[in-house]
Amino acid sequence: MSTIEQRNYQRDWHANHREQARIAAKIYRDNLRADAIHHYGGRCACCGERTPAFLQIHHLNGSLRKEIGTGDIILYWLRANNYPDGFEILCADCNWSRGVHGYCPHQPYAIKAPVDQTMRLYRLYRIEALWHYGRGKCAKCGDTTDEFLQIDHINGGGTEHRKQIGSGIYRWLRKNQWPEGFRVLCANCNAPGETVLE
């Protein structure tokens, strides 16, 4: 079979077996993710969380994110490069807290960055939103660790909404007088595809 015939065959096969191809691709990605998680320890390096739905790959050297990419791309890259050093597994809570706050509350001697006026307003609006929508606790698991809590769009559509309003969700909620359709979740319960605690 020539290269052109092979490409035509593959194109036709995928056109006639879309659902089967989608399922096979998901299984392959899930296996890649499981391999990466297993290679880097199988649990959150900060708190020890082991629930697979909560675990994420964390770049120890954030600059590699631009070179490699994120999401599924990093899984392919890690396998192709034989799982190099410079990565660790974190649960969504710890990963989000480190990214947003610069520390994780599981670290006993976390150094908190100095706060400027913009960050003070951000924290004020955030605390108001967390209190208004959930009294400062996760609607699913009840976690009250401030650094892990996030606002969730109950009916989905959070990505589109963020594209419309920019990054200031807490300010937007306050400005729009606390509209309905939001709740408080911890980062683990708000992780994409998480269904463990439903």
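Undergrad: Pulling in residues and values, what's your account of the overall build of the protein chain?
TA: Along the backbone of the protein chain there are eight helices and four strands. Overall size of the protein chain, expressed as C-alpha extent along the three principal axes, is 65 × 40 × 30 Å. Burial analysis of the protein chain (198 residues in total) assigns 29% to the buried set. Sequence separation of 24 or more characterises 67% of the internal contacts of the protein chain that already satisfy a separation of 6 or more. With the model as given, the accessible surface of the protein chain reaches about 12800 Å², and the carbon-plus-sulfur share is 51%.

Undergrad: Residues and numbers for the side chain of H58, please.
TA: For H58, the position within the fold is in strand β1 (residues 55–59). Reaching out from H58, the side chain makes a polar contact with the side chain of N95 at a distance of 3.1 Å. Residues within four places of H58 in sequence aside, it is in contact with G86, F87, E88, L90, N95 and R98.

Undergrad: Go over the pairing of β1, please, and point to the residues and values.
TA: Most of β1 is tucked away: four of the five residues are buried. Taken together, the five bridges between β1 and strand β2 (residues 87–91) define a ladder with antiparallel strand orientation. Opposite I57, over in β2, you have I89 as the bridge partner.

Undergrad: Tell me about the pattern of salt bridges, and name the residues and values.
TA: Under the criterion given, the structure shown has 10 salt bridges. For D12, the salt bridge identified is with R11, shortest N-O distance 3.5 Å. One salt bridge in this structure joins R79 and D35, with 2.3 Å as the shortest N-O distance. Of this pair, R79 sits in helix α4 (residues 72–80) while D35 sits in helix α2 (residues 18–39), and the two are 44 residues apart along the sequence.

Undergrad: I'd like a description of the nonpolar core, backed by residues and values.
TA: Counting residues in hydrophobic clusters, the biggest one holds 35 residues, and the most contacted among them are I57, I74, L78, F87, I151 and L173. Every element with two or more residues in this core is listed here: α2, β1, α4, β2, α6 (117–134), β3 (149–153), α8 (169–175) and β4 (182–186). In this structure F87 touches Y40, I57, H58, H59, L60, L64, I68, I74, W77 and L78, once residues within four positions along its chain are discounted.

Undergrad: I'd like to hear about the layout of surface pockets, residue by residue, with values.
TA: If you add up the space inside the largest pocket, you get close to 1500 Å³. Taken together, 43 residues line the largest pocket, and the ones lying closest to its centre are Q56, A92, N190, A191 and P192. The element best represented in the lining of the largest pocket is β1, accounting for five residues. The residue inventory of the lining of the largest pocket, partitioned by class, reads 17 nonpolar, 17 polar and nine charged.

Undergrad: Break down α2 for me, with residues and values.
TA: Spanning 22 residues, α2 covers 31 Å between terminal C-alpha atoms, matching the ideal 32 Å at 1.5 Å per step. Within α2 the residues assigned to the buried category are A21, L32, A36 and I37. Down the axis, α2 shows its buried residues gathered within 140° of arc, on one side only. Where α2 terminates, the next one or two residues include G41, which has phi positive at roughly 115°.

Undergrad: Can you explain the pairing of β4? Please cite residues and give values.
TA: When a strand is regular, its side chains alternate between the sheet's two faces. Where burial is concerned, most of β4 is hidden: four out of the five residues are buried. Relative to β4, β3 runs antiparallel, the two sharing five bridges. Bridged to L149 within β4 is C186.

Undergrad: An account of the environment of D143 is needed here, citing residue identities and associated values.
TA: With respect to the helices, strands and loops of the structure, D143 is situated in the loop between α6 and β3. When the C-alpha positions of D143 and C189 are compared, they lie 9.8 Å apart, and in sequence the two are 46 residues distant. Beyond its immediate sequence surroundings of up to four residues, D143 is in contact with D93, G136, K137, C138, F148, L149 and C186.

Undergrad: Tell me about the packing of helix α1 (residues 3–16) against α2, residues and numbers included.
TA: Orientation of α1 relative to α2, taken along the N-to-C sense of each, is 95°, at an axis distance of 5 Å. Taken together, the axes of α1 and α2 lie roughly perpendicular to each other. For the pair α1 and α2, contact is made by W13, H14, A15 and N16 and by R18, Q20 and A21, respectively. Of the residues in the contact of α1 with α2, the class split is three nonpolar, three polar and one charged.

Parameters at a glance
Starting from 1, residues in each chain are numbered consecutively following that chain's sequence as written. Predicted model: local features are reported for residues with pLDDT of at least 70 only, side-chain atom pairs are reported and counted for 80 or more only, and whole-chain, interface and lining totals are derived from all residues. Water and hydrogen atoms were dropped before computing side-chain values, which therefore reflect all heavy atoms in the structure. Here a strand is any run of E in DSSP of at least two residues, a helix any run of H or I of at least four, and the numbering for each starts at the N terminus. Each residue gets one of three labels from its accessible area relative to the maximum for its type: buried under 20%, exposed over 50%, partly exposed in between, using a 1.4 Å probe on protein chains only. Between two residues, a contact is recorded if the distance between any of their heavy atoms is within 4.5 Å. Surface accessibility follows the Shrake-Rupley procedure with a 1.4 Å probe radius. Residue values consider only the protein chains on display as shielding. Under this definition, polar contacts are N or O atom pairs within 3.5 Å; protein pairs additionally need one hydrogen-donor-capable and one acceptor-capable atom, and for neighbouring residues in sequence, both atoms have to be side-chain atoms. In this description, strands pair whenever DSSP reports at least two bridges between them. What counts as a salt bridge is simple: a side-chain nitrogen of Lys or Arg found within 4 Å of a carboxyl oxygen of Asp or Glu. Throughout this description, the term nonpolar core refers to a set of buried Ala, Val, Leu, Ile, Met, Phe, Trp, Tyr and Cys residues connected via side-chain atoms within 4.5 Å. Method remark: on a 1 Å grid restricted to protein atoms, a set of points is classed as a cavity if a 1.4 Å probe fits but cannot get out and as a pocket if it is open with protein on both sides within 12 Å along at least five of seven lines; lining residues have an atom within 4 Å of a point. Grid points are joined across faces, edges and corners, and a volume is the space filled by probe spheres set on the points. Gly counts as polar in this scheme, as do all residues outside two lists: the nonpolar Ala, Val, Leu, Ile, Met, Phe, Trp, Tyr, Cys and Pro, and the charged Asp, Glu, Lys and Arg. One fewer than the residue count of a helix, multiplied by 1.5 Å, yields its expected span. Throughout, the arc means the angular range of directions from the helix axis out to the C-beta atoms. Geometry is summarised by axes, namely lines fitted to C-alpha atoms with helices restricted to the contacting stretch, and by angles between N-to-C directions that run from 0 to 180 degrees. Each angle gets one of four labels, with under 35 degrees taken as roughly parallel, over 145 as roughly antiparallel, 65 to 115 as roughly perpendicular, and the rest as oblique.

From the geometry alone we can't say anything about function, so treat these as descriptive.
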